[in-house]
Amino acid sequence: MTIVAVSSPRPLIPAVGALTKALTPYADPMVRVTAGLLLMPHGAQKLFGLFGGYGLEATGQFFAAKLGLPASLALIAGLIEFFGGLFLALGLLTRPVAALVVGLMGAAVLSVHLGAGFFWTDGGFEYPLFWGIVALSYVIRGGGAYSLDARIGREF
C-alpha cells in the first residue's frame, strides 16, 4: 500500500495563510487554557460558594436530596473542577487531570443530565459531553509544547 502525501489547501487570500500558519502553534494551548479556566468557576461555586454557588455543605445536600448522589461527591466534583481546571490551564499533570475531568463529565452526563435530553438550555447533556470530549483530547495528546509538563520535561 502506498501512502500519498496530500498538501494542505491553499487559502484564497494568501495573507490568511501566513496568519494561520503563525498562530497554529497557539491554537491547542488556547483551547486547553480556556477549558481549564471555564471549569474553575464551577468548582468555586461548589467549594467556596462563589459566583452564585451554594458552597460545599449546601451543594452536598443538593447532590443528596435532588440528584440522589452521595453528598461527598460535591467535594470530589468541586476539587476536580477547581484544581483540575487550574492544572489543565497550566498544563500540569495534564493527562491524569484531564482523565479526572472526563470521568466527572461522564458521570454528570449519565447520572444527572441524560434524562433531560440533549440541549443544555433544558439541563441536557450537551455541555458536559462537550467538555468531556475536550478533556479526552488532552488525555490522548497531553499538554503540548506550551505546558508546564513540557517545561518540566515530564508527563504521564
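Everything below is about the structure shown above.
Residues numbered from 1 in each chain as written. Predicted model: local features only at pLDDT ≥ 70, side-chain atom pairs only at ≥ 80, totals over all residues. Heavy atoms only, no water.

Help me get a handle on the packing of aromatic side chains, residues and values and all.
According to the stated counting rule, one finds eight aromatic pairs in the structure shown. Where Phe 48 meets Phe 82, the ring centres are 5.3 Å apart and the plane angle is 85°; that geometry is what we call edge-to-face. Highlighted residues: Phe 48 in helix 1 (residues 14-48) and Phe 82 in helix 3 (residues 72-90), separated in sequence by 34 residues. Judged by relative accessible area, which is 46%, Phe 48 ranks as partly exposed. Phe 82 gets classed as buried once you look at its relative accessible area, which sits at 18%. Clustering of aromatic rings is evident, with ring pairs tying together Trp 120, Tyr 127, Phe 130 and Trp 131. When the ring centre of Tyr 138 is taken as reference, the NZ or CZ atom of Arg 141 above it lies at 4.7 Å. (Phe/Tyr/Trp six-rings, centres within 6.5 Å; stacked < 30°, edge-to-face > 60°. Helix = DSSP H or I, 4+ residues; strand = E, 2+ residues; numbered from the N terminus. Buried < 20%, exposed > 50% of the residue type's maximum accessible area, 1.4 Å probe, protein only. Lys NZ or Arg CZ within 6 Å of the ring centre and 35° of its normal.)

Just give me the short version of the nonpolar core, but keep the residues and values in it.
Nonpolar side chains in soluble globular proteins tend to be buried together. By size, the foremost hydrophobic cluster in this structure holds 17 residues, and its most contacted members are Leu 88, Val 101 and Met 105. A total of five residues in this core trace back to one element, the largest contributor, which is helix 4 (residues 94-113). (Core = buried A, V, L, I, M, F, W, Y, C linked by side-chain atoms within 4.5 Å.)

Could you give an account of the pattern of salt bridges, naming the residues involved and the relevant values?
Counted by the stated rule, this structure contains three salt bridges. Note that Asp 28 and Arg 141 form a salt bridge whose closest N and O atoms lie 2.5 Å from each other. With Asp 28 in helix 1 and Arg 141 in helix 5 (residues 126-141), this residue pair connects regions lying 113 residues apart in the sequence. Classification of Arg 141 by relative accessible area gives partly exposed; the value is 43%. Between Glu 81 and Lys 46 there is a salt bridge; the shortest N-O distance is 2.9 Å. Here Lys 46 lies in helix 1 and Glu 81 lies in helix 3, a separation of 35 residues in the sequence. What makes Lys 46 buried here is its relative accessible area of 15%. (Salt bridge = Lys/Arg side-chain N within 4 Å of Asp/Glu carboxyl O.)

Outline helix 5, listing residues and values.
Because the α-helix completes a turn every 3.6 residues, residues three or four places apart line up on one side. In a regular helix each residue adds 1.5 Å, so 16 residues correspond to 22 Å; helix 5 covers 23 Å between its end C-alpha atoms and thus fits that length. Following helix 5 by one or two positions, Gly 142 has its phi on the positive side, about 80°. (Expected span 1.5 Å × (residues − 1).)

Would you mind going over the packing of helix 1 against helix 5 in detail, with residue names and values included?
When two helices pack together, their arrangement is given by the angle between the helix axes and by the axis-to-axis distance. At a minimum axis separation of 11 Å, helix 1 and helix 5 run at an interaxial angle of 130°. In terms of their interaxial angle, helix 1 and helix 5 are classed as oblique. Judged by the sense of rotation from one axis to the other, the crossing of helix 1 with helix 5 is left-handed. Along the contact surface, helix 1 presents Asp 28, Val 31, Arg 32, Ala 35, Leu 38 and His 42, while helix 5 presents Tyr 127, Trp 131, Val 134, Tyr 138 and Arg 141. Tallied by class, residues from the contact of helix 1 with helix 5 come to seven nonpolar, one polar and three charged. (Axes fitted to C-alpha atoms, helices over the stretch in contact; angles between N-to-C directions. Parallel < 35°, antiparallel > 145°, perpendicular 65-115°, else oblique. Left-handed = near helix turned anticlockwise from the far one by under 90°. Contact = heavy atoms within 4.5 Å. Nonpolar A, V, L, I, M, F, W, Y, C, P; charged D, E, K, R; others polar.)

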